[in-house]
Amino acid sequence: MAQENVKLLGVLGSPFVCRVQIALKLKGVEYEFVAQDLQNKSEELLKYNPIHKKVPVLVHNEKPINESLVIVEYIDEAWKGKSILPTDPYQRALARFWAKFIDDKVFGAAWKSIFTIDENEREKNVKEAQKAFQFLEDELKGKFFGGEKFGFVDIAAVYITFWIPMLQEIAGLELLTNEKFPKLCKWNQEFLSEPTIKESLPPRDPIFAFFKGLYEKIRASAK
Amino acid sequence: MAQEDVKLLGTLGSPFVCRVQIALKLKGVEYEFVAQDLQNKSEELLKYNPVHKKVPVLVHNEKPINESLVIVEYIDEAWKGKSILPTDPYQRALARFWAKFIDDKVFLAVWKSVFTIDENERETNIKEVHEAFQFLEDELKGKFFGGEEFGFVDIAAVNIAFWVPMLQEIAGLQLLTNENFPKLYKWSQEFLSKPTIKECLPPRDPIFGIFKGRYESLLASAK
């Protein structure tokens, strides 16, 4: 096999980048992490992702792949080893559906719950985020969304595991609580304790400080 | 093989439903089309798509699949015959990227270009549509996005071939013309002339009538 050249353009602290890191670790793929400055985008980033100019970008033997879930599916198909998606077509369709659900219904609502100053907008987004959590709570039938072992949906949901608890602490919000979402909270703990996941997460303190700084800046600018 | 029971819950005139119809026809799958009234949602729709309550929904042997692109990938995997996605992992990643691009960057901008009364909003959205079409224009290297034969991205883009020309005529806009996007325009003509596509498109006049009525209603409400 030709020598593999795998680069991941990313930033520390992005849940989208983290998804890709988990997938690469699961498959045992060695890669170079090329940290990006999104305030001052590199030529490499603009070359490999001219359309969205965002991270993550996976570059495999000079060929770029963009969009975190597209990248994770690519990693599953390009490398042997542990399967990320199920093999059965119906289970695969369900996995893709729930990963898209997380993209469309969790991120935006959670972000706006935390970082908005308008109380009405906050309330509205808290409701939306919790509605999304309820669907996920009801969907969780086993230890993980993937069953006994974590899979595509669990990886897609890493934001809920690591970022949401941090963000809600910063904002003093109760988005995801054990009272309202016991199964999802238990899933959080299980997922966070998986070695592959632990090793792929960024360090908590600098990320916490970054978001706390952003939160305080936004609140200060409103006064 | 167990008897196949395939139902498609949909509406006439939805490009998302049309994507699924094209995929089913390509694979030669026989199915029952169950027309839905979205103003008065059926128990069946609510049972099979409780999360989004939208069409299309494919029900295969009583198991529902939701989200048009998830359904198209499912159809590709569940039935043999002509391939919808490429076989190479990198080409598959590109196909998924572009299909998602169409979902995220084309639909809403087209809708807002047409169905708005605010001229600034219209202008902003026309710009966004043109920007998206330019990316697609640059991406189109062969006869179809899929190469010599149409594939996943072409099917995802059926909105551009059939609905955009209709909507721009109604609103007197120039979103897609031979002058501004010659390759994309030529693609739309080639795509629309394929027998599989022709047989899956809804009849133009009634759909035109519905959208025209909606447009005029919107203009009238602004006065």
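Procedures and definitions
- Residues numbered from 1 in each chain as written.
- Chains lettered and ligands numbered in written order.
- Predicted model: local features only at pLDDT ≥ 70, side-chain atom pairs only at ≥ 80, totals over all residues.
- Heavy atoms only, no water.
- Patch = residues over 30% accessible without salt bridge, like charges linked within 9 Å, V, L, I, M, F, W, Y side chains within 5 Å.
- Areas by Shrake-Rupley, 256 points an atom, 1.4 Å probe, with all protein chains shown as cover.
- Salt bridge = Lys/Arg side-chain N within 4 Å of Asp/Glu carboxyl O.
- Lys, Arg positive; Asp, Glu negative; His and termini not counted.
- Charge placed at Lys NZ, Arg CZ, Asp CG, Glu CD.
- Helix = DSSP H or I, 4+ residues; strand = E, 2+ residues; numbered from the N terminus.
- Buried < 20%, exposed > 50% of the residue type's maximum accessible area, 1.4 Å probe, protein only.
- Polar contact = N/O pair within 3.5 Å; in protein donor to acceptor, adjacent residues only side chain to side chain.
- Contact = heavy atoms within 4.5 Å.
- Domains from an automatic or database assignment.
- Buried area = accessible area lost by both parts, 1.4 Å probe.
- Nonpolar A, V, L, I, M, F, W, Y, C, P; charged D, E, K, R; others polar.

**Let's talk about a negative patch on the surface**
Residues and elements named next belong to chain B. A cluster of acidic side chains, namely Glu-4, Asp-5, Glu-32 and Glu-62, defines a negative patch on the protein surface. Tracing the sequence through the fold places Glu-62 in the loop between strand S3 (57–60) and strand S4 (63–66). Assessed through its relative accessible area of 56%, Glu-62 is described here as exposed.

**Comments concerning the side chain of Ser-113 of chain B**
All names here are of chain B. The topology assignment puts Ser-113 in helix H5 (residues 107–114). Judged by its relative accessible area of 0%, Ser-113 falls in the buried class. There is a polar contact of 2.6 Å between the side chain of Ser-113 and the backbone oxygen of Ala-109. With residues near it in sequence (within four places) discarded, Ser-113 still touches Arg-122, Asn-125, Ile-126, Val-129, Leu-173 and Leu-175.

**Describing the domain arrangement of chain B**
Note: interface size is frequently given as the accessible area lost on complex formation between the parts. Residues and elements named next belong to chain B. The assigned domain composition of chain B is domain 1 (6–78) and domain 2 (89–222). Between the C-alpha centres of domain 1 and domain 2 the distance comes to 21 Å. Each partner contributes residues to the interface: domain 1 has 15 residues there, and domain 2 has 23 residues. Buried area between domain 1 and domain 2, summed over both chains or domains, comes out near 1600 Å², and the portion from carbon and sulfur atoms is 75%. Seen at the junction of domain 1 and domain 2, the total is three salt bridges. When the shortest N-O distance is used, the salt bridge between Glu-73 and Arg-96 registers 3.0 Å. The tally of links from domain 1 across to domain 2 stands at five residue pairs in polar contact (both at pLDDT 80 or more). Going through the elements one at a time, helix H1 (15–26) and helix H3 (68–78) are the ones with two or more residues in the side of domain 1 that touches domain 2. Tallying contributions element by element places H1 first for the side of domain 1 that touches domain 2, with eight residues.

**Re the domain arrangement of chain A**
Residue and element names in this part refer to chain A. What the domain assignment reports for chain A is domain 1 (6–78) and domain 2 (89–221). Inter-centroid distance (C-alpha atoms) of domain 1 to domain 2 is 21 Å. Across the boundary between the two partners, domain 1 contributes 15 residues, which contact 23 residues of domain 2. Taking both partners together, domain 1 and domain 2 bury about 1600 Å²; carbon and sulfur atoms supply 73% of that area. Scanning the region where domain 1 abuts domain 2 turns up three salt bridges. When the shortest N-O distance is used, the salt bridge between Asp-103 and Arg-19 registers 2.8 Å. Linking domain 1 with domain 2 are five residue pairs in polar contact (both at pLDDT 80 or more), by the criterion used here. Those elements that provide at least two residues to the side of domain 1 that touches domain 2 are helix H1 (15–26) and helix H3 (68–78). If one sorts the elements of the side of domain 1 that touches domain 2 by residue count, H1 sits on top with eight residues. Taken together, the residues of the side of domain 1 that touches domain 2 break down into eight nonpolar, three polar and four charged.

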